[in-house]
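Analysis of the macromolecular model
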Amino acid sequence: MDMFQFNNINLDRYTETYDLSFYLSYLSSWPDLYVVAESADSSLMGYLMGKVEGKGEEWHGHVTALTVAPECRRLGLGRGLMDVLEDASEKTYDCYFVDLFVRPSNAVAIQMYETLGYTLFRRVIDYYMTDGVMPTEYAHDMRKALARDVDKKSVIAIKEPVNVEDTFFH
């Protein structure tokens, strides 16, 4: 996989970017949750980076990054990439839920996640820090319960905002 193919997609202002070692650590740790969509000519159309984390009833799949090239949006690629992560989280890793963080200003992404069954679990104060382009924003922590969470406990919303350090799973 040519990691530098990601550059043109990562220019989207809503896409969080990381250093090369971060991408490689995900690829080596969770290769089945690192998914790319390629066109017939092998150009990159989108990708999803995910992982599994937590203990007990907090064991879950996590969407670290999902992005689709601007010219490939509205084709169902985001939904397809999410399906792969959700399927692996449920069938391979036996997770209780899948979660993700999204900027509240990213209305298009939020609408897609809601269509996929995700709901707002909590707000995380100052999760996204300004980078000179995007402002500091809290995050929407969105979740979708999987089959293992029969009572849907994992998606019972927390009304009060939390701090970033309250989101870490040990």
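Predicted, not measured: the structure shown is a model, and the values here were computed from it.

**Brief notes about the overall build of the protein chain**
For the protein chain, the helix and strand inventory stands at three helices and six strands. Counting helices and strands in the order they occur from the N terminus, the protein chain gives α-β-β-β-α-β-α-β-β. Residues classed as buried in the protein chain amount to 45% of the 170 residues present. Residue pairs at least 24 apart in sequence account for 61% of intrachain contacts in the protein chain once pairs closer than 6 positions are excluded. For the protein chain, the accessible area works out to roughly 9100 Å², and carbon and sulfur atoms hold 54% of it.

**Structural notes on the environment of Lys 91**
Mapped onto the elements, Lys 91 comes out in helix α2 (residues 77-92). Lys 91 gets classed as exposed once you look at its relative accessible area, which sits at 63%. Spatially, the C-alpha atom of Lys 91 lies 9.8 Å from that of Leu 146, the residues being 55 residues apart in sequence.

**Examining the pattern of salt bridges**
Applying the stated criterion across every chain yields a total of seven salt bridges. Taking the shortest distance from any N to any O, the salt bridge between Asp 87 and Lys 91 comes out at 2.8 Å. On the criterion of helical spacing, the pair formed by Asp 87 and Lys 91 is a turn pair, its members being four residues apart in helix α2.

**Focus on helix α3 (residues 107-115)**
Among the residues of α3, those classed as buried are Ala 109, Ile 110 and Tyr 113. On an axial view of α3, the arc spanned by its buried residues comes to 100 degrees, and they lie on one face. In α3, those exposed residues whose orientation departs by more than 90 degrees from the buried face are Ala 107, Val 108 and Thr 115. Close packing links the buried residues of α3 with β3 (60-68), α2, β4 (97-102) and β6 (137-145). One or two positions beyond α3, positive phi appears at Gly 117, with a value near 100 degrees.

**Topic: the confidence of the model for the protein chain**
Residues shown with low pLDDT carry predicted positions that ought not to be read at fine detail. Residues of the protein chain with pLDDT of at least 70 account for 82%, and the chain-wide mean is 85. Within the protein chain, the lowest mean pLDDT, 77, falls on helix α1 (residues 20-29), and the highest, 96, falls on α2.

**Focus on the nonpolar core**
Counting residues in hydrophobic clusters, the biggest one holds 35 residues, and the most contacted among them are Val 63, Met 82, Leu 100, Tyr 113 and Tyr 118. Broken down by secondary-structure element, the contributors of at least two residues to this core are α1, β1 (34-38), β2 (44-53), β3, α2, β4 and α3. Of the residues forming this core, the biggest block, six residues, is contributed by β2. Residue contacts for Met 82: discarding those within four places in its chain leaves Leu 48, Val 63, Leu 66, Leu 100, Met 112, Tyr 113, Leu 116 and Tyr 118.

**Observations regarding the packing of aromatic side chains**
Overall, the coordinates contain one aromatic pair when judged by the stated rule. Plain terms: the ring middles of Tyr 113 and Tyr 118 are 6.0 Å apart, the flat faces sit at 65 degrees to each other, and that makes the pair edge-to-face. The buried category is assigned to Tyr 113, whose relative accessible area is 7%. The ring of Phe 121 is capped by Arg 143, whose NZ or CZ atom sits 3.6 Å from the centre of that ring.

**A look at the packing of α2 against α3**
α3 packs onto α2 with a crossing angle of 50 degrees between their chain directions and a minimal axis gap of 11 Å. Classed by the angle they form, the pair α2 and α3 counts as oblique. Remark: the crossing between α2 and α3 carries right-handed chirality. For the pair formed by α2 and α3, the contact residues are Gly 78, Arg 79 and Met 82 on the first element and Met 112, Tyr 113 and Thr 115 on the second. In the contact of α2 with α3, the residues fall into three nonpolar, two polar and one charged.

Rules used throughout
Residues numbered from 1 in each chain as written. Predicted model: local features only at pLDDT ≥ 70, side-chain atom pairs only at ≥ 80, totals over all residues. Heavy atoms only, no water. Helix = DSSP H or I, 4+ residues; strand = E, 2+ residues; numbered from the N terminus. Buried < 20%, exposed > 50% of the residue type's maximum accessible area, 1.4 Å probe, protein only. Contact = heavy atoms within 4.5 Å. Areas by Shrake-Rupley, 256 points an atom, 1.4 Å probe, with all protein chains shown as cover. Salt bridge = Lys/Arg side-chain N within 4 Å of Asp/Glu carboxyl O. Arc of directions from axis to C-beta. pLDDT = per-residue confidence, 0-100. Core = buried A, V, L, I, M, F, W, Y, C linked by side-chain atoms within 4.5 Å. Phe/Tyr/Trp six-rings, centres within 6.5 Å; stacked < 30°, edge-to-face > 60°. Lys NZ or Arg CZ within 6 Å of the ring centre and 35° of its normal. Axes fitted to C-alpha atoms, helices over the stretch in contact; angles between N-to-C directions. Parallel < 35°, antiparallel > 145°, perpendicular 65-115°, else oblique. Left-handed = near helix turned anticlockwise from the far one by under 90°. Nonpolar A, V, L, I, M, F, W, Y, C, P; charged D, E, K, R; others polar.

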